[in-house]
Amino acid sequence: MENDGNQKKKKFKVIPPPYRIKMVERIEMTTKEIREKAMEKASYNTFLLPADLVYIDLLTDSGTTAMSSNQWSRMMLGDEAYAGSKSFDRLDGAVKEIYGYKYVVPTHQGRAAEHLMSRILIKPGDYVPNNMYFTTRRAHQEMAGATWIDVSIDQAHEPTSNHQFKGDIDLKKLKTLIDEVGAEKIPYMSIEANINMGGGQPFSMRNLKALKILCDKHQIPVMLDGTRLVENAYFIQQREMGYKVKSIKKIVKEICSYTNGATVSGKKDALVNIGGFLACNDEDLFTEVKSLVVVFEGLHTYGGLAGRDLEAMACGIHEMVDDNHIAARVNQIEYLGNKLLEANVPIVKPIGGHGIFLDAKRFLPHIPQKYYPAQALTAALYIVSGVRGMERGIVSAGRDPETREERKPKLELVRLAVPRRAYTNTHMDVVAEGIIELHNIRKKISGLKMTFEPKQLRFFQAQFKPLKNELIQK
Ligand code: F0G
């Protein structure tokens, strides 16, 4: 249904979700003793915990969505033909209708699309400007030989700044880069919707339009990370002049019209447990992607997915642009965020689109960044409450590929990403209680040292030990 989510805000204190629950999955609360042992065994990295020892799982909003009865029923119609599957046609049609791009190649998930795009477009010695970084996108840019450059606005790195569009590009920084290295060394402008590492923060349509004009002038294609595009569109609808009357569907299409293509992880906005795609308007790029995808993923009509996965994603792409769905989704995050703000818990402002981000620098000012405060806070939160989050600070930022020094990001955060359509606001109440309890004992939390560091994307498998004998002093 296309209407204005804002009107619903006036009627209800919270925006109710446009669905009821037909199937449930049991979750179990554990004891603190069990969680202490589990955390020690997992080397203080929440990625290494067994999921059945997690009560409320806010590790990620990726692939953790509850699918609709429509999606499940479409899956039964999956056409598993190796080539020319009808299910591909439905995905192709959905992407063309909702995003508006001309060409689509499915991939097994978002990073596979990033891999293909980086390999094709980047030459060693190139520079790729980005609005902040996402871990996998930057890794693929760097592995292809590019230097990653941050051209986000300064406010994006300030957790207390209430800037409404922290995903905006600083066009001055971009112009300086173009002047310094020359447009021919910039294979594409990489812009992420609702920047994940910055707290789920949108760019504005105004900024995107200006960016497109600048990039067109220098013949630099604008390549979107459209993973959380719908959440970005929702913030534009709510915050930007002239967009209150426009449907999410129209805003999504308008955003894409100012870009040349996109990589998308379907595991977020598109409401599926697995899937992604690369879409673009340039026929030559499409031809190259099609020839490379068969080496890494599978034929260009299934890209490493089953026919049923293509069906679920095609259906999810239509569901994700329902105004009522996205208003309820973001409002649930606001519900949790406001509870924390009321209790003076330091979180990134404004409240983001896919989760709450605890500001570990202000939460644990006694732990210097070199002792991984956000990692320690993530581990402590699990022990105290059974809630699982993820570090988004110095551990996630990894090392500079040239100097091998640890990157020291300004933002040292714990992300609590809320899966779509999976938890109720009662769960959010429990999460808030756990965080507030932790905030009250914050001085007892100690820092960590790293005992094992993987070569790539270290946060996934890194291992730690508390600096003192226990993470939370008795
Ligand atoms: N881009 C963004 C902005 C993402 O958040 C992710 C994944 C990807 C690309 C890669 O997609 O996982 O399908 O390969 N983010 C997950 C997260 C891992 O928890 O934020 P993928």
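What you see is a predicted model, and the numbers here were worked out from it, not measured in a lab.

(A) Highlighting the environment of V294. Structurally, V294 is set in helix α11 (residues 283-296). V294 gets classed as partly exposed once you look at its relative accessible area, which sits at 41%. Taking C-alpha positions, V294 is 22 Å from K96, a pair spaced 198 residues apart along the chain. Every residue in contact with V294, bar those within four places of it in the chain, is listed here: L299 and H300.

(B) Representation of the pattern of salt bridges. Counting across every chain of the model gives 27 salt bridges. Between D92 and K96 there is a salt bridge whose closest N-O contact spans 2.8 Å. One end of the pair, D92, and the other, K96, are both in helix α4 (residues 86-98), four residues apart, so they sit about a helical turn from each other. You can call K96 partly exposed: its relative accessible area is 36%. Between E142 and R407 there is a salt bridge whose closest N-O contact spans 2.7 Å. Note that E142 is positioned in helix α6 (residues 135-143) and R407 in the loop between α16 (394-397) and β12 (413-417), a separation of 265 residues in sequence.

(C) Examining the domain arrangement of the protein chain more closely. For the protein chain, the assigned domains read domain 1 (7-61 + 323-466) and domain 2 (69-320). On the side of domain 2, 46 residues touch domain 1, which itself brings 39 residues to the contact. Both faces combined, the contact of domain 1 with domain 2 buries some 3,100 Å², and carbon together with sulfur accounts for 54% of it. Contact with domain 2 buries surface across domain 1, with I326, P350 and L411 losing the most and accounting together for 18% of the total. Taken together, the connections running from domain 1 to domain 2 amount to six salt bridges. In this structure, R329 and E231 form a salt bridge, with 3.0 Å as the shortest nitrogen-oxygen distance. At the junction of domain 1 and domain 2, the tally comes to 18 residue pairs in polar contact (both at pLDDT 80 or more). Mapped by element, the contributors of at least two residues to the side of domain 1 that touches domain 2 are α13 (323-342), β9 (355-359), α16 and β12. Examining the composition of the side of domain 1 that touches domain 2, we find that seven residues originate from one element, α13, more than from any other. By residue class, the composition of the side of domain 1 that touches domain 2 is 16 nonpolar, eight polar and 15 charged.

(D) Spotlight on the site of the ligand. Not every one of the 18 residues close to the ligand is listed here, only the nearest: T60, R111, D225, S265 and K268. Contact distances for the ligand include 2.9 Å between an oxygen atom and a side-chain N or O atom of R228. Protein contact buries 96% of the 470 Å² of open area that the ligand shows by itself. The greatest single-element share of the shell around the ligand, amounting to three residues, is contributed by helix α5 (residues 110-121). Of the residues in the shell around the ligand, the class split is two nonpolar, eight polar and eight charged.

(E) Highlighting a nonpolar patch on the surface. Among the surface-exposed residues, Y19, I21 and V24 lie close enough to one another that they form a single nonpolar patch of about 330 Å² accessible area. Along the chain, Y19 falls in the loop between α1 (5-11) and α2 (32-41).

(F) Here's a closer look at unusual backbone geometry. P350 follows K349 through a cis peptide bond whose omega is -10°. With respect to the helices, strands and loops of the structure, P350 is situated in the loop between α13 and β9. The phi dihedral of Y44 is positive, around 60°, even though this residue is not glycine. Mapped onto the elements of the fold, Y44 is located in the loop between α2 and β1 (56-57).

(G) Highlighting the pairing of β12. The buried fraction of β12 is high, at five of five residues. With three bridges joining them, strand β11 (residues 390-392) and β12 adopt antiparallel strand pairing. Bridge assignment links E391 to a residue of β12, and that residue is V414.

(H) Structural detail: the sheet that holds β9. Sheet architecture is open: three strands sit in the order β9-β12-β11, paired in antiparallel fashion. What marks the edges here is a single partner per strand, and that holds for β9 and β11. If you compare each strand with its neighbour and ignore which way they point, the axes differ by 30° on average. Strand direction decides the pairing type here: β9 and β12, joined by five bridges, are antiparallel. When the sheet's bridge partners are listed, F357 is paired in β12 with R415.

Calculation notes
- Residues numbered from 1 in each chain as written.
- Predicted model: local features only at pLDDT ≥ 70, side-chain atom pairs only at ≥ 80, totals over all residues.
- Heavy atoms only, no water.
- Helix = DSSP H or I, 4+ residues; strand = E, 2+ residues; numbered from the N terminus.
- Buried < 20%, exposed > 50% of the residue type's maximum accessible area, 1.4 Å probe, protein only.
- Contact = heavy atoms within 4.5 Å.
- Salt bridge = Lys/Arg side-chain N within 4 Å of Asp/Glu carboxyl O.
- Domains from an automatic or database assignment.
- Buried area = accessible area lost by both parts, 1.4 Å probe.
- Polar contact = N/O pair within 3.5 Å; in protein donor to acceptor, adjacent residues only side chain to side chain.
- Nonpolar A, V, L, I, M, F, W, Y, C, P; charged D, E, K, R; others polar.
- Near = heavy atom within 4 Å.
- Areas by Shrake-Rupley, 256 points an atom, 1.4 Å probe, with all protein chains shown as cover.
- Patch = residues over 30% accessible without salt bridge, like charges linked within 9 Å, V, L, I, M, F, W, Y side chains within 5 Å.
- Pairing = 2+ DSSP bridges.
- Axes fitted to C-alpha atoms, helices over the stretch in contact; angles between N-to-C directions.

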